[in-house]
Each structure stands twice: as C-alpha cells, then as structure tokens.
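Geometric and topological summary
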Amino acid sequence: QVQLVESGGGLVQAGGSLRLSCAASGRGFSIGPMCWYRQAPGEQRELVAVITSGGSANYADSVKCRFTISRDNAKNTVYLQMDSLKPEDTAVYYCNAETRTTATMRLKNYWGQGTQVTVSS
C-alpha cells in the first residue's frame with residue numbers, strides 16, 4: 001500500500017507564490033509518472049502538470065510559464081512551484097502517482113488527500 005501526503009497549500013494574494021509537496025511512502029514499489037490535478041468548486045478535476053520518472057514535464061496551457069513541476073526520486077516526492085498566482089487558480093490540488101509493485105509488477109494509481117489553495121484578488 002502506498003500513501004501520498006500533500007502539504008504546502010494556503011491563502012495567498014494574487015501575484016504571489018506557493019510551493020506544494022507530495023511525498024509517497026510505503027514499501028515494495030517503484031513510482032512512474034507523478035501528476036498534480038486540481039478541482040475548483042462545481043468544476044471537474046483537471047490535470048495541471050505531469051512529470052515522468054526521468055524528469056520530462058508537461059503542463060496545462062492555463063499554467064504554462066507560471067507553474068513548475070519537479071521531483072526528487074530519492075525522496076519519492078513531487079513538487080509544484082506556483083508563481084504569479086491568479087484567483088482562478090483557487091482549487092483543491094491533488095497529487096497522483098502511478099506505481100508498480102516490485103513483487104508482482106502490477107500497476108496502480110494512488111491519490112493524495114488534497115490541499116486547498118486559495119488566491120485572493
């Protein structure tokens with residue numbers, strides 16, 4: 001079993017910055033792609049950014065040039081640096097990780113509990 005624990009959310013003024021972290025814990029697994037999603041009230045969950053185990057990253061158009069995803073494979077942790085924040089970035093942010101069990105090579109996706117990001121105008 002893998003657990004993802006997020007931290008770093010909060011309240012910030014427009015134009016400010018926040019850094020989210022998501023640490024994976026457990027035994028007997030390897031981690032593939034890791035992602036950040038967000039869900040605003042009344043909206044569907046949307047993909048914000050994804051990073052492969054090799055460090056290749058892709059972003060939603062709405063956050064390009066403002067957000068940076070990175071990961072520390074030794075710590076099983078993914079980060080989301082959010083700069084130039086806008087009120088429309090307000091949402092609950094979730095991390096997601098694709099894992100492979102070492103013993104069975106089975107793939108499984110896990111979600112974090114979510115962290116609230118609120119950007120005031």
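Here is a short report on the structure shown in this document. (Residues numbered from 1 in each chain as written. Predicted model: local features only at pLDDT ≥ 70, side-chain atom pairs only at ≥ 80, totals over all residues. Heavy atoms only, no water.)

The next subject is the sheet that holds strand β1 (residues 3-7). In space, the four strands of this open sheet follow the order β1-β3-β8-β7, with antiparallel pairing throughout. Both outer strands of the open sheet, β1 and β7 (67-72), are each paired with one neighbouring strand and no more. Taking each pair of neighbouring strands and ignoring which way they run, the sheet shows an average axis angle of 15°. Bridge analysis of strand β3 (residues 18-25) against strand β8 (residues 77-82) gives six bridges, and the strand direction is antiparallel. Residue pairing across strands places Leu20 opposite Leu80, the latter belonging to β8. (Pairing = 2+ DSSP bridges. Helix = DSSP H or I, 4+ residues; strand = E, 2+ residues; numbered from the N terminus. Axes fitted to C-alpha atoms, helices over the stretch in contact; angles between N-to-C directions.)

A separate point is the pattern of salt bridges. By the definition in use, this model includes four salt bridges. Measuring nitrogen to oxygen at the nearest pair gives 2.9 Å for the salt bridge that ties Arg38 to Asp89. Highlighted residues: Arg38 in strand β4 (residues 29-39) and Asp89 in the loop between β8 and β9 (91-101), separated in sequence by 51 residues. A residue is classified by how much of its surface remains accessible, and Asp89, at 1% relative accessible area, is buried. A salt bridge links Asp61 to Lys64; the nearest nitrogen and oxygen atoms lie 3.2 Å apart. Via salt bridges that share partners, Arg38, Glu46, Arg66 and Asp89 belong to a single interconnected network. (Salt bridge = Lys/Arg side-chain N within 4 Å of Asp/Glu carboxyl O. Buried < 20%, exposed > 50% of the residue type's maximum accessible area, 1.4 Å probe, protein only.)

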